[in-house]
Amino acid sequence: MGVPRFFRWISERYPKCNSVITDLTLMPVFDNLYLDMNGIIHQCSHPDDNAPSPSERDMLLSIFAYIDRIVKQIVRCGAGLSLSTRCDVSSMVAVRVSH
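Nothing here was measured: the structure is a model prediction, and the numbers come from that model.

A. Up close: a nonpolar patch on the surface. On the surface, Phe-6, Trp-9 and Tyr-14 cluster together into a nonpolar patch covering about 340 Å² of accessible area. By the element assignment, Tyr-14 lies in the loop between α1 (6–13) and β1 (29–36).

B. A look at the packing of helix α2 (residues 37–45) against helix α3 (residues 56–74). Between α2 and α3, the least distance of the axes is 9 Å, while the angle of their chain directions is 130 degrees. As summarised for this structure, α2 and α3 are arranged oblique, according to the angle between their axes. Both α2 and α3 take part in a crossing whose hand is right-handed. Seen from α2, the contacting residues are Met-37, Ile-40, Ile-41, Gln-43, Cys-44 and Ser-45; seen from α3, they are Met-59, Ser-62, Ile-63, Tyr-66, Ile-67 and Ile-70. Tallied by class, residues from the contact of α2 with α3 come to nine nonpolar, three polar and no charged.

Rules and cut-offs
Residues numbered from 1 in each chain as written. Predicted model: local features only at pLDDT ≥ 70, side-chain atom pairs only at ≥ 80, totals over all residues. Heavy atoms only, no water. Patch = residues over 30% accessible without salt bridge, like charges linked within 9 Å, V, L, I, M, F, W, Y side chains within 5 Å. Areas by Shrake-Rupley, 256 points an atom, 1.4 Å probe, with all protein chains shown as cover. Salt bridge = Lys/Arg side-chain N within 4 Å of Asp/Glu carboxyl O. Helix = DSSP H or I, 4+ residues; strand = E, 2+ residues; numbered from the N terminus. Axes fitted to C-alpha atoms, helices over the stretch in contact; angles between N-to-C directions. Parallel < 35°, antiparallel > 145°, perpendicular 65-115°, else oblique. Left-handed = near helix turned anticlockwise from the far one by under 90°. Contact = heavy atoms within 4.5 Å. Nonpolar A, V, L, I, M, F, W, Y, C, P; charged D, E, K, R; others polar.

Structure follows, in structure tokens:
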């Protein structure tokens, strides 16, 4: 999923994007955060190895926990959060959540 070779390209162009931030005061604040939900949903709905598929409830809880971790522990979001998922090739559905 995602744009082929994009992660490699951005990692080579901006090597600090993969660094671990140990001092939370150095964590950047972004005005707007865009999350591609396709990758998050896939990660939370397809278990590793040969584990049984999680229930729908467990998948949703895992998705919510994943988003919470990103927003609360990894990135400080200032103005808005956009969650987007691709329904089919011809359309894109976006849900905007502002605080």
